[in-house]
Amino acid sequence: MALTTGGCTAGTVDGTGTAPPSPRPEADFTGTVDIGGREMYLECTGQGAPTVILVSGGGIAGDVWDSPLGERPTVQPTIGEETRVCSYDRPGTTRAQAEGGVSRSDPVPQPVTPRDSVADLHALLEASGQAPPYVLAAHSYGGLVARYYANQYPDDVAGMVLVDSFSPELREAMPEAWSAWLAWNAASPEIVADYPDYEQVAFDEALDQVAAARELQPMPLVVLTADEPYPAPTKPGLPADLNTVTREAQDVSQRLVAELVPGALHVTETHSGHDIMLENPVLVSDSILAVVDAVRAGRTAMN
């Protein structure tokens, strides 16, 4: 599998007749990686172990971890000062920039599930030479990806930070309102018409996959839960209090997520809405680095 950067495949001859060198695993890298017939965008900075893998929420590209749309200092460069850190674009995501933009990874058929997303991420990390152990820091839908990855590759994942994560525990906490939640969170026809490759999640199948793979080995885990209200739904026909019902169910679900491994740290005073990595990036960075320190100390819990 070939590594590419700046549109030039590693190992091929450029216009000067010189073969560009393949980037070393510990070298900073920004570009695309061939994962076997498809290209995925990857950005890695910093040196050291464990390697932090930043996993974005549904429909959002990897630049959300270093976005001008949020507060500063942003997450990725902060982590890169202390250890190796990588972000990446899942297919169909959108850029977290003022001018927007589409995913820098090749498109795939939609909708997707964590099994699909984990297969892509695993292939990306292997093809680019990013060595475990990993600390997975994941937001929203990315929380499903991180949990499924940790279940499938327990020897590779040494710790996690879940940032107001989506979870099967949420569905379990709001059974009567679940159909309304699905309608609320479905991609609008306007978005899909404008961006046909837009990432869409098969929600129930996604939650079923993670619910069937709920077991995690002991590891340092921090769960960050938003503490501000969710915005009221604007789609017609939805219950006016759906945001409140969801907020309450999320609080229940997050307590259960924090019980997945012994000794997890659950932070409920985040002074943020759902996008904690944009609204309170210092907290997210501090949480990631606390997990990194725990892993380096050989601990399997945060306390």
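Residues numbered from 1 in each chain as written. Predicted model: local features only at pLDDT ≥ 70, side-chain atom pairs only at ≥ 80, totals over all residues. Heavy atoms only, no water.

## Let's talk about the overall build of the chain
Where we set the bar: For the purposes of this entry, the term helix denotes a DSSP run of H or I that reaches at least four residues, the term strand denotes a run of E that reaches at least two, and both are numbered from the N terminus. Note that the radius of gyration is over C-alpha atoms, with the globule rule given as 2.2 Å times the number of residues to the power 0.38. The criterion used for residue contact is that any of the two residues' heavy atoms lie within 4.5 Å. Surface accessibility follows the Shrake-Rupley procedure with a 1.4 Å probe radius. Residue values consider only the protein chains on display as shielding. Charge counting treats Lys and Arg as positive and Asp and Glu as negative, with His and both chain ends excluded. By convention, charge coordinates are those of NZ in Lys, CZ in Arg, CG in Asp, or CD in Glu.
Assigned secondary structure in the chain consists of 10 helices and 10 strands. For 303 residues, the compact-globule estimate of 2.2 N^0.38 gives 19 Å, and the chain sits close to it at 19 Å. By its C-alpha atoms, the chain is 65 × 50 × 35 Å across when sized along the principal axes. Taking contacts inside the chain between residues at least 6 apart in sequence as the whole, the part at least 24 apart equals 75%. With an accessible surface of roughly 12,700 Å², the chain has 52% of that area assigned to carbon and sulfur atoms. For the chain, the centre of its 16 positive side-chain charges and the centre of its 42 negative side-chain charges are spaced 3 Å apart.

## What to know about the packing of aromatic side chains
To keep things clear, this is the line we draw: Stacked, tilted and edge-to-face are the three classes applied to pairs of Phe, Tyr and Trp rings, where Trp contributes its six-membered ring and a pair requires centres within 6.5 Å; stacked means planes under 30 degrees apart, edge-to-face means over 60, and tilted covers the rest. Only protein chains enter the calculation, and the probe is 1.4 Å; a residue is then buried if its accessible area is under 20% of its type maximum, exposed if over 50%, and partly exposed in between.
A complete count under the given rule lists 8 aromatic pairs for this structure. Centre to centre, the rings of Tyr134 and Tyr149 are 6.4 Å apart; their planes meet at 75°, and the pair counts as edge-to-face. On the criterion of sequence distance, the pair formed by Tyr134 in strand 7 (residues 134-139) and Tyr149 in helix 3 (residues 141-152) is long-range, its members being 15 residues apart. Residue Tyr134 shares its accessibility class with Tyr149, and that shared class is buried. Note on Phe166 and Trp181: the rings are 5.1 Å apart at their centroids and 15° apart in plane angle, and the pair reads as stacked. Highlighted residues: Phe166 in the loop between strand 8 (157-163) and helix 4 (168-173) and Trp181 in helix 5 (residues 178-185), separated in sequence by 15 residues. The two residues Phe166 and Trp181 agree in class, both being buried.

## Considering the pairing of strand 5 (residues 51-55)
The test is simple: Note: two strands are recorded as paired if DSSP finds a minimum of 2 bridges between them. Throughout, right-handed denotes a crossover for which the path from the first strand over the helix to the second runs clockwise when the strands point away from the viewer.
Along strand 5, 5 of the 5 residues are buried, which leaves the element largely enclosed by surrounding structure. Of the two faces of strand 5, the one holding Thr51, Ile53 and Val55 and the one holding Val52 and Leu54 are both buried throughout. Pairing of strand 5 with strand 6 (residues 85-88), which is carried by 3 bridges, proceeds in the parallel orientation. If you follow Ile53 over to strand 6, its bridge partner there is Cys86. Regarding topology, helix 1 (residues 75-80) serves as the crossover connection from strand 5 to the parallel strand 6, and that connection is right-handed.

## Section: the side chain of Gln76
Looking at where Gln76 falls in the secondary structure, it is placed in helix 1. Leave out the neighbours within four places in its chain, and Gln76 touches Glu43, Cys44, Thr45, Leu54, Trp65, Asp66, Val85, Cys86 and Ser87.

## Some remarks on the pattern of salt bridges
Put simply, the rule reads: Salt bridges are identified by distance alone: a Lys or Arg side-chain nitrogen within 4 Å of an Asp or Glu carboxyl oxygen.
Enumeration according to the criterion identifies 11 salt bridges in this entry. Put simply, Asp204 and Arg171 hold a salt bridge, and the shortest N to O gap is 2.9 Å. A residue pair is termed long-range when its members are at least 10 positions apart, and Asp204 in helix 7 (residues 203-211) and Arg171 in helix 4 qualify at 33 residues. Overall, Asp204 belongs to the partly exposed group, its relative accessible area being 30%. Among the ionic pairs, Asp208 bridges to Arg171, the shortest N-O distance being 2.8 Å. With Asp208 in helix 7 and Arg171 in helix 4, this residue pair connects regions lying 37 residues apart in the sequence. Under the relative-accessibility criterion, Asp208 is labelled partly exposed at 42%.

## Considerations on the environment of Ser67
Keep this limit in mind: Pairing of N or O atoms within 3.5 Å defines a polar contact, subject to two protein rules: one partner must be a possible hydrogen donor and the other a possible acceptor, and residues neighboring in sequence count only if both atoms are side-chain atoms.
Secondary-structure assignment places Ser67 in the loop between strand 5 and helix 1. Residues Ser67 and Met277, 210 residues apart in the sequence, show an inter-C-alpha distance of 9.5 Å. Look past the residues within four positions of Ser67 in its chain and what remains in contact with it is Arg72, Thr74, Ala96 and Leu278. In terms of polar contacts, Ser67 uses its side chain to reach the backbone amide nitrogen of Leu69, at 3.0 Å. Of the polar contacts made by the side chain of Ser67, one reaches the backbone oxygen of Ala96; its length is 2.5 Å.

## What to know about a negative patch on the surface
Convention followed: Candidates for patches are residues over 30% relative accessible area with no salt bridge; among them, like charges are joined within 9 Å and nonpolar side chains (Val, Leu, Ile, Met, Phe, Trp, Tyr) within 5 Å.
Together, Glu71, Asp227, Glu228, Glu269 and Glu279 line one region of the surface with negative charge. Checked against the element boundaries, Glu269 lands in the loop between strand 10 (265-267) and helix 9 (276-279). Residue classification places Glu269 among the exposed positions, given a relative accessible area of 61%.

## With respect to the packing of helix 2 (residues 114-128) against helix 3
Rules: Fitting a line to C-alpha atoms yields each axis, with helices limited to the stretch in contact; the angle taken between N-to-C directions then spans 0 to 180 degrees. Under this scheme an angle from 65 to 115 degrees is roughly perpendicular, one under 35 degrees roughly parallel, and one over 145 degrees roughly antiparallel; angles in between are oblique. A crossing counts as left-handed when the near helix is turned anticlockwise from the far one by less than a right angle, and as right-handed when that turn is clockwise.
One way to put it is that helix 2 packs onto helix 3 with a least axis distance of 9 Å and a crossing angle of 65°. If you check the angle between helix 2 and helix 3, you find them roughly perpendicular. Helix 3 is crossed by helix 2, and the crossing has right-handed handedness. Packed against helix 2, whose contacting residues are Pro114, Arg115, Ser117, Val118, Leu121, His122 and Leu125, the element helix 3 presents Tyr141, Leu144, Val145, Tyr148 and Tyr149 at the interface.

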